[in-house]
Amino acid sequence: MILSSSSSSLPIPSFPCKCFSTFHALRTFFPQKKHTVRCSSSHNLKDNGFHCKVKLKRRVVPFLLFSSGLFPTLSASGKTKSKNPYDEKRLLEQNKRMQKENSAPEGFPNFIREGFEVKVVTSENYIKRDSGLIYRDFEVGKGDCPKDGQQVIFHYIGYNESGRRIDSTYLQGSPARIRMGTNALVPGFEEGIRDMRPGGKRRIIIPPELGPPVGPSTFFSAKQFEVFDVELLSVQDCQRRTIGFYSDVVCN
């Protein structure tokens, strides 16, 4: 039985009791002045008395002792969300279904996305670098790897996480030509082709932190992985040419 000390008169119980009242349960994280009411009643017909003795104590009562009884809805407030294996399986199957609808190439990596958290699922043929870049070589190629200042000529096809094609130089009808070391390429893309050799074919998975700035003028989405199938055609040396007041770079 819980008695309130703020009442003007105390009810008389019909049975012997020892009762404790606890106030301000929400403040029990800190030391508070507590009212402890000890009550006893007697069945003496002549003296149907009710005697109470009030003491003031300073105690700290763990809130958890009361939360389950007084506030059952607060008991789960401190729980952290745990990952459900069933949810991961469902998200994986959903990604596979979307990639199939978008006609993604065979062996395309899968992405289990839950909010901003993404898990990349690949075969054992893929290699992950410390930078977060993931790649797989289909053909190694021959010759020297490109160096800063040299021009690389390559074909590529770009995909998003759902396997939808977002860009292709094959459809454009001509390969891309970019000089290395001029910040003209996406950081992850340049890292991915820097150790390729002419004739090589590679799939590059670029994490968001190695991607380009996002915006209306780009086909990249924020917090999205991008996948590129790259074919390095050739590497050319470049040199600066000056004619009068005109200056340019010639690669051959």
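Because the structure is a prediction, the values reported are computed rather than measured. (Residues numbered from 1 in each chain as written. Predicted model: local features only at pLDDT ≥ 70, side-chain atom pairs only at ≥ 80, totals over all residues. Heavy atoms only, no water.)

(A) Layout of the nonpolar core. Ranked by size, the top nonpolar core spans 18 residues in total, and within it F154, F189, I193 and V230 carry the most contacts. Within the residue set of this core, elements represented by two or more residues are β7 (151-159), β9 (176-179), α4 (187-193), β10 (201-206) and β11 (226-236). Counting residues in each nonpolar core, the second largest holds 9 residues, with I134, I205, F225 and V227 among its members. (Core = buried A, V, L, I, M, F, W, Y, C linked by side-chain atoms within 4.5 Å. Buried < 20%, exposed > 50% of the residue type's maximum accessible area, 1.4 Å probe, protein only. Helix = DSSP H or I, 4+ residues; strand = E, 2+ residues; numbered from the N terminus.)

(B) Structural view of the packing of aromatic side chains. Considering all chains together, one arrives at 7 aromatic pairs under this definition. Seen in terms of ring centroids, F111 and F225 are 5.7 Å apart; in terms of plane orientation they differ by 40°. Their pairing is tilted. Residue F111 is found in strand β3 (residues 110-114), and its partner F225 is found in the loop between β10 and β11; the two are separated by 114 residues along the sequence. The pair formed by F111 and F225 is uniform in burial state, with each residue classed as buried. Taking 5.2 Å as the distance between ring centres and 85° as the angle between the ring planes, the aromatic pair formed by F189 and F228 counts as edge-to-face. Here F189 is found in helix α4, whereas its partner F228 is found in strand β11, with 39 residues between them in sequence. (Phe/Tyr/Trp six-rings, centres within 6.5 Å; stacked < 30°, edge-to-face > 60°.)

(C) Highlighting unusual backbone geometry. The backbone of S103 sits at a positive phi, close to 55°, despite the residue not being glycine. As for its position among the elements, S103 is in the loop between α2 (85-101) and β3. A positive phi is found at N183, a non-glycine position, where the angle reads about 60°. Mapped onto the secondary structure, N183 falls in the loop between β9 and α4.

(D) Structural view of the side chain of R202. Secondary-structure assignment places R202 in strand β10. Separated by 2.6 Å, the side chains of R202 and D195 make a polar contact. Beyond its immediate stretch of four places on either side in the chain, R202 contacts R129, Y135, R136, D137, F138, G192, D195, M196, F228, D229 and V230. (Polar contact = N/O pair within 3.5 Å; in protein donor to acceptor, adjacent residues only side chain to side chain. Contact = heavy atoms within 4.5 Å.)

(E) Up close: the state of the cysteines. Applying the stated criterion to the full structure yields 1 disulfide. Disulfide pairing places C238 opposite C251 at an S-S distance of 1.9 Å. Across the S-S bond of C238 and C251 the torsion is about 110°, and the bridge reads as right-handed. Linking C238 in strand β12 (residues 238-243) with C251 in strand β13 (residues 246-251), this pair joins segments that are 13 residues apart in sequence. (Disulfide = S-S within 2.5 Å.)

(F) Broad picture of the side chain of S168. You can see S168 is positioned in strand β8 (residues 165-168). Polar side-chain contacts of S168 include one of 3.2 Å to the backbone nitrogen of Y170. Here L171 takes part through its backbone nitrogen, which lies 3.4 Å from a polar atom of the side chain of S168. In this structure, S168 is in contact with Y156 and I157, ignoring residues within four places of it in sequence.

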